[in-house]
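# Remarks on the overall topology
Here are the chains, one letter per residue:
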Amino acid sequence: MESYGGHDMNKVFTREWFRAAGVRAIKTVAQTAVATIGTSAVLGQVDWVAVGSAAVLAGVLSMLTSVAGIPEVE
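The text that follows walks through the structure, step by step, so that each part is easy to find. Since we're looking at a predicted model, the values are computed, not measured.

Within the chain one finds two helices and two strands. Listing each helix as α and each strand as β along the chain from the N terminus yields β-β-α-α. For the chain, the proportion of contacts with a sequence separation of at least 24, taken over those separated by at least 6, is 67%. Summed over its atoms, the accessible surface of the chain is roughly 5,200 Å², and 66% of this surface lies on carbon and sulfur atoms.

Following this line, the structure appears as structure tokens:
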């Protein structure tokens with residue numbers, strides 16, 4: 001693969017990339033869950049389906065964003 005947007009595409013989808021992208025996604029999921037729980041608690045009731053949905057979506061978006069490049073791998 002070639003360079004895309006200043007990123008070496010040969011480093012995407014390697015073991016190191018999956019590790020770094022996974023760590024970022026897990027952190028994003030945790031941050032989203034905490035924020036959603038906090039917001040729901042202020043409103044008086046935690047909607048666990050909404051918390052889970054938002055957290056999973058954030059994790060998926062994090063992985064997709066990582067395709068554009070991860071500084072830890074570059």
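The next point concerns helix H1 (residues 15–43). The terminal C-alpha atoms of H1, which comprises 29 residues, lie 42 Å apart, in line with the 42 Å expected from a rise of 1.5 Å per residue. Trp-17, Ala-20, Ala-21, Ala-25, Thr-32, Ala-33, Thr-36 and Ser-40 are the residues of H1 that are buried. Summarising the contacts, the buried residues of H1 are in contact with helix H2 (48–66). Downstream of H1 by a residue or two, Gly-44 has a phi angle that is positive, lying close to 105°.

What counts and what doesn't
- Residues numbered from 1 in each chain as written.
- Predicted model: local features only at pLDDT ≥ 70, side-chain atom pairs only at ≥ 80, totals over all residues.
- Heavy atoms only, no water.
- Helix = DSSP H or I, 4+ residues; strand = E, 2+ residues; numbered from the N terminus.
- Contact = heavy atoms within 4.5 Å.
- Areas by Shrake-Rupley, 256 points an atom, 1.4 Å probe, with all protein chains shown as cover.
- Expected span 1.5 Å × (residues − 1).
- Buried < 20%, exposed > 50% of the residue type's maximum accessible area, 1.4 Å probe, protein only.

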